[in-house]
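Tertiary structure, described
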Amino acid sequence: MLPGVVDVTAITGQRVIGPLTSWQTPDGPYIVEHLAGVSPTGDVLVYFWSPRHDWQAVNVSNITQQQTVGPLTSWQTPADLMNIEHLAGINANNDLYIFFWSPQQDWQAVNLSLLTGQQVASPLASWQVPNGLNTIEHLAGVSPGGDVLVFFWSMGGIYTVRVQAVRVSDDDGARPADIVPEQVRQWVSKANEVYAVAAIQLQFNSAPGSSDWSTVNSTILNNMTGDQDQNWNQEKDTGNSVAAQHPAKITAFFRFGPGATPTGGSFSSTDYNFVTMTGFTETSVCGHQNIGLFAHELGHYMGLSHTFAREFGSVQEAESFFTVNGNNPAVFDGDGLSDTPPDPYVNVSQVQCLATTTNLSLNGTQFILPRNNIMSYYDDPAKTITPQQVQIVRQALEARVQRGLILGKP
């Protein structure tokens, strides 16, 4: 064959700047050829060709809402009889992102810098090493300070889960929840910060027309208040029925609540297949919007309990309860975990809201307050979970796979 050339940009209408990366994948008896690069506006573009069709292009950044600067690296890994295609690059803030695609799910993105606390300011190298039946994936780059960094993880070490946001109104469309996709994205982004320690990253596309956003008219769902509601069985069944339309995702209902004014309450549990939320501006903590609320309710969805066993209206009430129970600290233990301390939660502003209130003395016993735990009610910007809580949430997500949930594993 004589040399030839094809103008892929002319065919697809998509341009890139800088270097390209390439790979090939089998598709039955065919081989699919791939190229990837970054557009002049920072979008990750993947071009692909097979004997069955001419060159096509997909804008990965439109799907994942993540852009990059500089060159990309690419690699592939086998998993569960599938081939997982990967790209990696850095964004303008030097955050390292993994992009991945499988026949089971469209392109997703993971902020590896968020999971590891390390950033990169150079082109990347990638390689894989077999480890028994598993594969250890590696990325390497140079930090902004000049340190050589090697990132590594095994298949299944990182979980991604898509979120389906459902805005609820009454049967006749009245009393819609006060929520828009961008506000859901903010809640999801905070949850990703919280669960980074568990290597769990939620995926939600807030762009207009995204399949991650839907609406439903259901007075039953719009009035949900939890398992103490006299209509709870019907509400739960209806919620599970709607969630079954999105079995691969975590379904979150954003509802108005009963009555003429919107509720600020939210809830969830492992006993059903959805998270029940309120409107974004309808909930607050210590005088500001409660940005951690979705992460907190997601904790219940993934099997976590409150750090506290009950609430108290004053320090005196907590001390009296402590006295009646023989000054046994275990009476304040809400979750039975050894790495979350007993939590005598006192629902007053000087305890809940003041960052300087890090411990509480009851009858001479000092209690360290779990202010930064997402399952507490304390106001703290740096919420997280403990190692034992990490085990619980990862196991809970694996259990929900049996109900249809799909976990991405880059």
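Scroll up a little and you will see the structure.
Please read these numbers as outputs of a predicted model, since none were measured by experiment.

1. Here we look at the packing of helix H4 (residues 181-194) against helix H7 (residues 293-301)
Between two packed helices, the angle of one axis relative to the other and the distance separating the axes together describe the packing. As a packed pair, H4 and H7 sit with axes 7 Å apart at the nearest point and diverge in direction by 60°. Between H4 and H7, the angle is such that the two are oblique. In this structure, H4 crosses over H7, and the sense of that crossing is right-handed. Each of Trp187, Val188, Ala191 and Val194 in H4 lies in contact with H7, whose residues at this interface are Leu293, Phe294 and Ala295. Its residues assigned to classes, the contact of H4 with H7 shows seven nonpolar, no polar and no charged.

2. Description of the side chain of Thr160
Within the fold, Thr160 resides in strand S12 (residues 159-169). Given the relative accessible area of 0%, Thr160 is considered buried. A distance of 2.9 Å separates polar atoms of two side chains, one belonging to Thr160 and the other to Gln108. Look past the residues within four positions of Thr160 in its chain and what remains in contact with it is Phe100, Gln108, Val110, Gln201, Gln203, Ile406, Leu407 and Gly408.

3. A look at the sheet that holds strand S10 (residues 134-142)
As summarised here, the arrangement of the three strands in space is S9-S10-S11, forming an open sheet in which the pairing is antiparallel. A single partner strand is all that each edge strand has here, and the edge strands are strand S9 (125-131) and strand S11 (148-154). The mean angle between the axes of side-by-side strands here comes to 20°, regardless of whether they run parallel or antiparallel. Examined bridge by bridge, S9 and S10 share seven bridges and lie antiparallel to one another. Along S10, the bridge assignment pairs Trp127 with His138.

4. Topic: unusual backbone geometry
Phi at Asn94 takes a positive value of approximately 70°, unusual for a residue other than glycine. Within the secondary structure, Asn94 is located in the loop between strand S6 (82-90) and strand S7 (96-102). Classification of Asn94 as partly exposed rests on a relative accessible area of 24%. Although it is not a glycine, Asn327 sits at a positive phi angle of roughly 55°. By the secondary structure assignment, Asn327 is in the loop between helix H8 (315-324) and helix H9 (349-352).

5. Describing the state of the cysteines
This structure, assessed with the given rule, holds one disulfide. Each sulfur of the disulfide joining Cys286 and Cys353 lies 1.9 Å from the other. Disulfide Cys286-Cys353: torsion about the S-S bond near -90°, hence left-handed. One end of the pair, Cys286, is in the loop between strand S18 (284-285) and strand S19 (288-289); the other, Cys353, is in the loop between H9 and strand S20 (359-362), with 67 residues separating them in the sequence. For Cys353, a relative accessible area of 24% puts it in the partly exposed group.

6. Concerning the sheet that holds strand S5 (residues 69-79)
Pairing is antiparallel across the open sheet formed by four strands, whose spatial order is S5-S6-S7-S8. Each edge of the open sheet is held by one strand with a lone partner, namely S5 and strand S8 (105-111). Here the strands of the sheet are splayed against their neighbours by 20° on average, with no regard to which way each runs. Looking at chain direction, S5 and S6 are connected through eight bridges and run antiparallel. Of the residues in S6, the one forming a bridge with Val69 is Ile90.

Each value, and the rule that gives it
- Residues numbered from 1 in each chain as written.
- Predicted model: local features only at pLDDT ≥ 70, side-chain atom pairs only at ≥ 80, totals over all residues.
- Heavy atoms only, no water.
- Axes fitted to C-alpha atoms, helices over the stretch in contact; angles between N-to-C directions.
- Helix = DSSP H or I, 4+ residues; strand = E, 2+ residues; numbered from the N terminus.
- Parallel < 35°, antiparallel > 145°, perpendicular 65-115°, else oblique.
- Left-handed = near helix turned anticlockwise from the far one by under 90°.
- Contact = heavy atoms within 4.5 Å.
- Nonpolar A, V, L, I, M, F, W, Y, C, P; charged D, E, K, R; others polar.
- Buried < 20%, exposed > 50% of the residue type's maximum accessible area, 1.4 Å probe, protein only.
- Polar contact = N/O pair within 3.5 Å; in protein donor to acceptor, adjacent residues only side chain to side chain.
- Pairing = 2+ DSSP bridges.
- Disulfide = S-S within 2.5 Å.

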